[in-house]
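# Working through the structure, step by step
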Amino acid sequence: MSSTGPSSCTSKRQFNLNGMQKSGDVILGGIFSCNFYTASSDLYFTSEPNDPICFGFSHVGFRQAQTMVFAVDEINRNSKLLPNISLGYNLYDSCGNLWNALSAALSMTSGSGEPFQLNETCYGYPPVLGIVGDSSSTRTIAISSIVSLYRVPMVSYYSTCSCLSDRRQFPSFFRTIPSDAFQVRAMLQILRRFKWTWLGLLVSDDDYGLNVARSFQSDLALSGGGCLAYLEALPKSNDVDDLQRIVGIMKKSTSRVVIAFAHASNMLKLMEEVVRQNVTGLQWMASEAWTTAVVLQTPSYMPFLAGTLGIAIRRGEIPGLRDFLLRIRPDMDTLSNQDNNLVKQFWEHVFHCKFMTTDMEFDGKIQGKRCTGNEILKNIETEFLDLSNLRPEYNVYKAVYALAHALHDLLQCVPGSGPFKEQSCARLQGLEPWQLLNYLQRVNFTTDFGDQVSFDESGDVLPIYDVMNWMWLSDGTTEVRNVGEVNELASRLDNLILQEKQIFWNFESKKPPKSVCSESCPAGTRLARKNGEPVCCFDCIPCSEGQFSNKTDSTQCTSCPEEFWSNPQRDHCKPKIIEFLSYMEPLGISLTTASLSGTLLCTIVFGIFTHHRTTPVVSYYSTCSCLSDRRQYPSFFRTIPSDAFQVVKQNVTGLQWMASEAWATAINLQTPSYMPFLAGTLGIAIRRGEIPGLREFLLRIRPDNDTLSTQDNNLVRQFWEHIFKCKFVSPGMEFEGQTQERLCTGNEILRNVDTEYLELSNLRPEYNVYKAVYALAHALHDLLQCVPGSGPFKGQSCARLQGLESWQLIYYMQKVNFTTDFGDQVSFDESGDVLPIYDVMNWMWLSDGSTEVKIVGEVKELASEIDDLILKDDQIFWNFESKKPPKSVCSESCPPGTRMAIKKGEPVCCFDCIPCSEGKISNETDSTQCTSCPEEFWSNPQRDHCKPKIIEFLSYMEPLGISLTTASLCGALLCLIVLGIFINHRTTPVVRANNSELSFLILLSLKLCFMCSLLFIGHPRLSTCQLRQAAFGISFVLCISCILVKTMVVLAVFKASKPGGGGSLKWFGVMQQRGTVVVLTLIQAAICTTWIMSSSPTPHKNTQYYKDKIIVECLVGSTVGFGVLLGYIGLLAILSFLIAFLARNLPDNFNEAKFITFSMLVFCAVWVAFIPAYINSPAKYADAVEVFAILASGFGLLLALFGPKCYIIILKPEKNTKKALMGRGKPIS
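Residues numbered from 1 in each chain as written. Predicted model: local features only at pLDDT ≥ 70, side-chain atom pairs only at ≥ 80, totals over all residues. Heavy atoms only, no water.

## Details of the state of the cysteines
- Considering all chains together, one arrives at 16 disulfides under this definition.
- Residue pairing for Cys-517: its cysteine sulfur links by disulfide to Cys-537, the two sulfurs lying 1.9 Å apart. With the S-S bond torsion at 105°, the cross-link from Cys-517 to Cys-537 turns out right-handed. Of the two residues, Cys-517 is situated in the loop between strand E21 (494-498) and strand E22 (525-529) and Cys-537 in the loop between E22 and strand E23 (538-542); the sequence distance between them amounts to 20 residues.
- Given a relative accessible area of 25%, Cys-517 falls into the partly exposed group.
- Given the relative accessible area of 1%, Cys-537 is considered buried.
- Residue Cys-933 pairs covalently with Cys-946 via a disulfide, S to S 2.0 Å. Disulfide Cys-933-Cys-946: torsion about the S-S bond near -90°, hence left-handed. Of this pair, Cys-933 sits in the loop between strand E40 (931-932) and strand E41 (937-939) while Cys-946 sits in strand E42 (residues 946-948), placing them 13 residues apart in sequence.
- Cys-933 gets classed as buried once you look at its relative accessible area, which sits at 12%.
- The structure places no disulfide on Cys-1039, whose sulfur is separated from the nearest cysteine sulfur, that of Cys-1009, by 5.5 Å. (Disulfide = S-S within 2.5 Å. Helix = DSSP H or I, 4+ residues; strand = E, 2+ residues; numbered from the N terminus. Buried < 20%, exposed > 50% of the residue type's maximum accessible area, 1.4 Å probe, protein only.)

So, in structure tokens, the structure goes:
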């Protein structure tokens, strides 16, 4: 602002904006988009940039502006509302441009450039008390941010962004259009009504669209009413490639419903591509921004957009508006005035003519049709006069009336019962915008159309929308019809009223389409989510037998009660069929007979075993771990390892097989047809052994002719007949001249037969038999070696071969311990199990197609019960191209820096690797949890170890610290230079004037001020924390005390120069001046001492402000102490300012007060700005702000007080004389 007189101000910058003005007792502002586009000049800054030029006149935008003018005019004519008060207006055209909108807001809050009357300090209230606008959320966000600083109420008629409901950011914002938060809820209600759950969402790429997208996704997730098939932002520019991509996604998607939160301009570009790709069969859902857009209701778009459902701003009626609009006439006196040229633009656009201006030339012929101003508006067919669909205009109308009602309520206030301080009321004279806000928040009135207008705590109006349907009539025309409404009741419940029978559906069925990702799951099935897809996409899995579900979309099947079973449809349970094995049926009779026979046989065997109950049993091939139970099987032993030791590791993936001992050496599986699958198999096999002499023994076997007919010894005979495929003669065989089969003689040679019987290269069970027999033999041998008197039995007796009991042999069996010729140790543990050992086998598929099962290692249990595996890795055959072992893990190992998170419902081997959060680490592979770093440490980026946190403070080594240090030292040096100048010229009048001693003291204190700022830089310590504030406070009080005394002396000297005023100087002698400075400084010293003694500032490591940094700062200790210190400095500064201000008009020959006034003004401005900056500055920047304030105020005082004197001393020495100083005085009248 610049002053043009004692009581008027003008703006530094004038904005050339199109607008309309009218004066009044109270001025309301308005921002409307009366033009669509702007054109800006290139910004080379070689000259002052021109303001943007608006073009593309908007009839709708101008009608909205005229609606505000009409509402103001109607209120002025209303004797009940604001009687005896006339409203004026200041309307501006934003041209849909943020620059213009901000210019308009600044013009309305600080003046448009013309002088306006203010008080003598060039301070006044904004020219407008309330603003109606704007139509765009993006522009409104920017405008409201500015006008909120002035607390000017802003009532928008078309900005819907839910972000504007944030009272902390936009404290003075209101609107008469519902928020997008309700628009989203309204849209979701319509979707739920038609059970549409599979949706496509398109939004504009601006604040409006992006905020709606977030809100829609959040509300959709909370409601659980659907999923998004896609979400796309429509490009701001005409990006053909992006539009083709988006329409391509829409075309491929199975979603039949498309929701578009966008502007008409976005939809125009999109529909061009939709028509080109011929994307039909979609149900469009329109936001309020384009539901009623006429530009989209064309014959070329209707095959695609017909049937659109959308929500629109509430339509209203405004009686008298049409007649008012028809009375509009251009004011010939203001045609060339930028402030009132909107009517002229409208007139020229409607009548396609031009008004004559000074820069137009008419040389005998007219360059275009000339406007006269007498054209008849009623005869023109224009959208401007179509008032059948007043929606934004109705909101403008309500916005103006809301401001008027708030102002009316304000003026009705009764003193003593008002809402302001001490129950006071606001007055029209001196009315401030924030006072109007209090009443606007409580506005509650009903329009003539019957709609209630009130605002909630967020400034939002009670929401209501019309539900619109685009009907494609048989004659090819389009009608957008109201088919319902959705509103929010006082109970905050959304209410949807829909006339479904009147809705036009653009489908062959004339019914609403289905739009679901998956059809509902019927009873008898359960819903199974598809992995990696939205929750709306699922499979319907039939319930398994014995389970049922009797609801649609059931997430799980319920098991039937014990005596019930599911029916074939699995939708209910029915009683089970009662069935049992009856004695009367053939199967029951047969089984009963077999059971009784078995019982009889068991009784016989039991009797035999009871009679021979102590006989030990040694198995060579029974591996069941149950046989290790000594209570059930006290006499059982075995020479094969138990299954408890045999760990079966089968990971059947079709690639790598792991074989148990039961089939690890099975020859019948080693066939060419199986080898492509089983080659490379690893398995464990019973220990192979060698039995010397066994082959020769087997070759000596001969059938005994004397026992061929004896059943007890016929195994050799059966073997012989099987090997040689012959038959021994027996009494039952008949030979009637012809032999039925070849006869066995018993003299056949076994060696000549190729039989598996003689294949002794793989003796495994046989080796166990061999060891079992030897175990019994060793036990019997040990028994017979017993020496009477030292035996293990009663009375230390021994067992005798005659009368040997089986149980006696068991004792020695338990203690058997011998080594076979093959080198294997045989002994039994307390469970009767042999010391276990297995061979590790590998199935090798040789190049010739044959198979070899080779031993590649062994696994055994040592005496210490530790399993020991010896494996020859390099000899193993792997049936893979890589010839290496395959990987078979459910999840890869989690590296350091992550933790394992078991997947719910899956085995423990299946897990996710979750990165450790900030401040936590894991330094081991497959760690199950992350460990928090100590308080003074933080995790590295890899999260695998902790590193010390960065210690941050205002350092001498960083650019900011260097800059402040340099400035501090420069300030101190400058003080020394000035001090040197003053000492050198101490006898001159300029130095001696107004007490040179105080000047020297001020310079010394300023030097201390500059130097004390260095205490704020560097690592905070207890000493620097205590000294910094004390040094700062005392130095500045010393400086300001001297300035205060100097100012008082100036005033006293001037009074002493008047007749009868000589007595005033006796109070301001040299001693008194010194004493005053000392006393004032000692008070600050006492404050500092008390503060330090009671609650001393201390260094503090702040680990909470930043997670990864430690902020080393000085805690003030006592906020009260710090506040008193600053307050005392402020008190002295204000006193100095006031006294200097009183002495500012004294004659120059006595006057140093004007410099002191200016210096104190600078000082106060710096420290007033310091407080909010200090409070809101983080960490080291708070210290930097305080240092900056010290330096700024120090330089301000130094330059203001000593700059003029140094200028005279150095550059104008001719003025540094008593004569020159005295000659400057003016006589005092």
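Picking up after the structure, the text goes on.
## Comments concerning a nonpolar patch on the surface
- A cluster of nonpolar side chains, Phe-36, Tyr-37 and Phe-55, forms an exposed patch at the surface whose accessible area comes to about 350 Å².
- Along the chain, the position of Phe-36 falls in strand E5 (residues 35-39). (Patch = residues over 30% accessible without salt bridge, like charges linked within 9 Å, V, L, I, M, F, W, Y side chains within 5 Å. Areas by Shrake-Rupley, 256 points an atom, 1.4 Å probe, with all protein chains shown as cover. Salt bridge = Lys/Arg side-chain N within 4 Å of Asp/Glu carboxyl O.)

## Some thoughts on the side chain of Ser-566
- Structurally, the position occupied by Ser-566 is in strand E26 (residues 564-566).
- Filtering out sequence-adjacent residues up to four positions away, Ser-566 remains in contact with Ser-544, Glu-545, Gly-546, Gln-547, Cys-560, His-572, Cys-573 and Lys-574. (Contact = heavy atoms within 4.5 Å.)

## So, the pattern of salt bridges
- Following the criterion strictly, the structure yields 28 salt bridges and no others.
- Here Arg-175 and Asp-460 are joined by a salt bridge, their closest N and O atoms 2.6 Å apart. Note that Arg-175 is positioned in strand E11 (residues 173-175) and Asp-460 in the loop between strand E18 (452-454) and strand E19 (464-472), a separation of 285 residues in sequence.
- By relative accessible area, Arg-175 is classed as buried at 0%.
- Salt-bridge contacts for Lys-354 lead to Glu-348; the nearest nitrogen and oxygen are separated by 3.8 Å.
- Three or more residues are tied together by salt bridges with common partners; here these are Arg-687, Arg-764, Asp-824, Asp-839, Glu-858 and Lys-860.

## Quick word on the sheet that holds strand E30 (residues 658-659)
- Across the sheet, 5 strands lie side by side as E30-E31-E34-E35-E36; this open sheet has mixed pairing. With one partner strand each, in any of the chains shown, E30 and strand E36 (867-871) form the two edges of the open sheet.
- Bridge count between strand E35 (residues 851-861) and E36: 5 bridges; the pairing is antiparallel. Considered in E36, the bridge of Val-859 is made with Leu-869. (Pairing = 2+ DSSP bridges.)

## What to know about the pairing of strand E44 (residues 1098-1102)
- Pairing of E44 with strand E45 (residues 1109-1115), which is carried by 5 bridges, proceeds in the antiparallel orientation. Counted as the bridge partner of His-1100 is Glu-1113 from E45.
- Between E44 and the antiparallel strand that follows it, E45, lie 6 residues.

## Structural notes on the side chain of Asp-93
- Summarising the element assignment, Asp-93 is placed in strand E7 (residues 87-93).
- Within the buried set, Asp-93 has no salt-bridge partner at all; the shortest N-O distance to an opposite charge, 8.2 Å, is to Arg-139.
- Engagement of the side chain of Asp-93 in a polar contact is seen with the backbone nitrogen of Cys-34, the distance being 2.8 Å.
- Polar side-chain contacts of Asp-93 include one of 2.8 Å to the backbone nitrogen of Cys-95. (Lys, Arg positive; Asp, Glu negative; His and termini not counted. Polar contact = N/O pair within 3.5 Å; in protein donor to acceptor, adjacent residues only side chain to side chain.)

## A short note on the nonpolar core
- Of all hydrophobic cores here, the largest spans 70 residues; its most connected members are Met-20, Phe-32, Phe-62, Leu-87, Val-132 and Leu-440.
- Elements represented by at least two residues in this core include exactly strand E4 (26-32), helix H1 (59-76), E7, helix H9 (321-326), helix H10 (342-351), helix H11 (392-411) and helix H12 (433-440).
- Ranked by residue count, the leading element in this core is H11, at 12 residues.
- When near neighbours in sequence (up to four residues on either side) are disregarded, Leu-440 contacts Pro-153, Val-155, Phe-174, Ala-402, Leu-403, Ala-406 and Phe-455. (Core = buried A, V, L, I, M, F, W, Y, C linked by side-chain atoms within 4.5 Å.)

## Quick notes on the environment of Leu-1161
- Counting through the fold element by element, Leu-1161 comes out in helix H25 (residues 1153-1176).
- Expressed as a C-alpha distance, the spacing of Leu-1161 and Phe-1137, which sit 24 residues apart in the sequence, is 7.0 Å.

## Comments concerning the sheet that holds E44
- Judged by pairing direction, the sheet is mixed, and its 3 strands sit side by side in the order E43-E45-E44 without closing on themselves. Unpaired on one side and paired on the other, strand E43 (950-952) and E44 mark the two borders of the sheet. Averaged over all neighbouring strand pairs, the angle between strand axes comes to 25°, with direction disregarded. (Axes fitted to C-alpha atoms, helices over the stretch in contact; angles between N-to-C directions.)

## A look at the packing of H11 against H12
- For the pair H11 and H12, the least separation of the axes is 8 Å and the interaxial angle reads 100°. Considering their axes alone, H11 and H12 lie roughly perpendicular with respect to each other. Contacts between H11 and H12 involve Ala-402, Leu-403, Ala-406, Leu-407, Asp-409 and Leu-410 on the former and, on the latter, Gln-435, Leu-436, Tyr-439 and Leu-440.
- Grouping the constituent residues of the contact of H11 with H12 by class yields 8 nonpolar, 1 polar and 1 charged. (Parallel < 35°, antiparallel > 145°, perpendicular 65-115°, else oblique. Nonpolar A, V, L, I, M, F, W, Y, C, P; charged D, E, K, R; others polar.)

## Quick word on the packing of aromatic side chains
- Enumeration over the complete set of coordinates arrives at 38 aromatic pairs.
- Residues Phe-36 and Tyr-37 carry aromatic rings whose centres are separated by 5.9 Å and whose planes lie at 45° to one another, so their mutual orientation is tilted. Tyr-37 matches Phe-36 in its accessibility class, with the two residues each being exposed.
- With centroids separated by 5.2 Å and ring planes inclined at 35°, the aromatic side chains of Phe-1032 and Trp-1167 adopt a geometry described as tilted. With Phe-1032 in helix H22 (residues 1022-1056) and Trp-1167 in helix H25, this pair connects stretches of sequence that are 135 residues apart. (Phe/Tyr/Trp six-rings, centres within 6.5 Å; stacked < 30°, edge-to-face > 60°.)

## Structural notes on the confidence of the model for the protein
- Residues of the protein with pLDDT of at least 70 account for 85%, and the chain-wide mean is 82.
- Of all the helices and strands in the protein, strand E8 (residues 116-117) carries the lowest mean pLDDT, 44, while strand E14 (residues 257-261) carries the highest, 95.
- Every residue in residues 646-653 is under pLDDT 50, and counting partners more than four places away or in other chains gives 12 contacts. (pLDDT = per-residue confidence, 0-100.)

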